[in-house]
Amino acid sequence: MDNFCHRGLPQDRGQVSNRLSRPAKELDDSNITARAKLASELPVIAGNKGQLREVILNLVQNSIDAMAVTTNRPRVISLVTARSGSDSIAVLLEDTGPGINPQKLASIFEPFVTTKAKGRGLGLALCRMIVEQHGGKLSAASGADGGARFEITLQTRMAVPAVPVASGDKAVGSG
Ligand SMILES: Nc1ncnc2c1ncn2[C@@H]1O[C@H](COP(=O)(O)OP(=O)(O)O)[C@@H](O)[C@H]1O
Ligand SMILES: [Mg+2]
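Here the structure is a predicted model, which is why all the values come from computation and not from measurement.

Let's talk about the pairing of strand β3 (residues 88-95)
Among the 8 residues in β3, 6 count as buried, and that is most of the element. Sheet topology places strand β2 (residues 75-83) next to β3; 7 bridges connect them, and they run antiparallel. Of the residues in β3, the one forming a bridge with leucine 79 is leucine 93. Between β2 and β3, which pair antiparallel one after the other, the connecting turn spans 4 residues, and glycine 85 there sits at a positive phi close to 75°. Both β3 and strand β5 (residues 148-155) contribute to a ladder of 7 bridges, which runs antiparallel. Pairing of isoleucine 89 across the sheet is with leucine 154, part of β5.

Here's what the structure looks like:
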């Protein structure tokens, strides 16, 4: 994840799979197969790796939660990265859970909207905030297999947001 957010070079593909399998034990325990189909060469995007990783982990966690009720077919999470148009990349995450009612697709991004007994309903709101702060978009839809499908699009060659000057870098002797 680290690197496919950063630069989609072929040697990074293994690392992406590693990131996806960070919650590997939980995937294993829940009998879920994770599949990644990653574009071999993706353009560079600028962004905060930690935050973008958090987005993916949140989406993966939601898929794990959702597929708890999947008993009649394999539990699969698929991650696909691709170019989308000339100046953006797409990250698609699809699962074989029960999917999301079309009427609820918009509201799930609102804070405190949850269908889980112990859910906080903040994950998707946070995910969307992070992606939008990166100049991108996060949307939900129904997947081909009736599960949920989340799509992140991020612009390439985005301007890097200004980083505040660390206090240690302050000019000295200016007074
Ligand atoms: N992959 C998914 N499949 C089905 N429903 C989902 C999926 N991801 C999210 N949802 C729905 O969106 C709601 C909000 O998700 P989220 O903001 O992450 O909060 P939480 O996980 O705490 O419930 C979930 O409670 C669930 O109803
Ligand atoms: Mg969540």
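Remarks on unusual backbone geometry
Positive phi, normally seen in glycine, also occurs at asparagine 31, with a value near 60°. Relative to the elements of secondary structure, asparagine 31 occurs in the loop between α3 (24-29) and β1 (32-37). For asparagine 31, a count of 11 C-beta atoms within 10 Å corresponds to the exposed category. In this model, phenylalanine 112 sits at a positive phi of 70°, which is unusual for a non-glycine residue. Along the chain, phenylalanine 112 falls in the loop between β3 and α5 (123-133).

Notes on helix α4 (residues 49-66)
Taking 1.5 Å as the rise per residue, α4 with 18 residues should run 26 Å; its terminal C-alpha atoms sit 26 Å apart, in good agreement. Restricting attention to buried positions, one finds in α4 the residues Leu52, Val55, Ile56, Leu59, Val60, Asn62, Ser63, Ile64 and Ala66.

Structural notes on the sheet that holds β3
Read across the sheet, 5 strands follow the order β1-β2-β3-β5-β4 without closing on themselves; strand pairing throughout is mixed. Looking at strand neighbours, the two that pair on one side only are β1 and β4 (137-142), the edges of this open sheet. When the angles between neighbouring strand axes are averaged without regard to direction, this sheet yields 15°.

Topic: α5
For α5, the set of buried residues is Gly123, Leu124, Cys127, Arg128, Ile130 and Val131. Considered in projection along α5, the buried side chains sweep an arc of 165° and stay on one side of the axis. α5 presents Glu132 and Gln133 as exposed residues on the side facing more than 90 degrees away from its buried surface. Where α5 is buried, its residues meet α4, β4 and β5. Positive phi appears at glycine 135, one or two residues downstream of α5, with a value of about 80°.

Observations regarding the site of ligand 1
By nearness alone, 19 residues border ligand 1, and Asn62, Ala66, Thr114, Gly119 and Gly123 come closest of all. A breakdown of the residues in the shell around ligand 1 according to their chemical character gives 8 nonpolar, 8 polar and 3 charged.

Some words on the pairing of β4
Pairing of β4 with β5, which is carried by 6 bridges, proceeds in the antiparallel orientation. Bridging across to β5, leucine 138 finds its partner in isoleucine 152.

A look at the nonpolar core
Counting residues in hydrophobic clusters, the biggest one holds 28 residues, and the most contacted among them are Val55, Leu59, Leu93, Cys127, Val131, Phe150 and Ile152. Listing elements by their share of this core, those giving two or more residues are α4, β2, β3, α5, β4 and β5. Here this core takes 7 residues from α4, the largest share from any one element.

Reading guide: rules and limits
- Residues numbered from 1 in each chain as written.
- Chains lettered and ligands numbered in written order.
- Predicted model: local features only at pLDDT ≥ 70, side-chain atom pairs only at ≥ 80, totals over all residues.
- Buried ≥ 20, exposed ≤ 12 C-beta atoms within 10 Å, placed from the backbone.
- Helix = DSSP H or I, 4+ residues; strand = E, 2+ residues; numbered from the N terminus.
- Pairing = 2+ DSSP bridges.
- Expected span 1.5 Å × (residues − 1).
- Axes fitted to C-alpha atoms, helices over the stretch in contact; angles between N-to-C directions.
- Arc of directions from axis to C-beta.
- Contact = placed C-beta atoms within 7 Å.
- Near = placed C-beta within 6 Å.
- Nonpolar A, V, L, I, M, F, W, Y, C, P; charged D, E, K, R; others polar.
- Core = buried A, V, L, I, M, F, W, Y, C linked by C-beta atoms within 7 Å.

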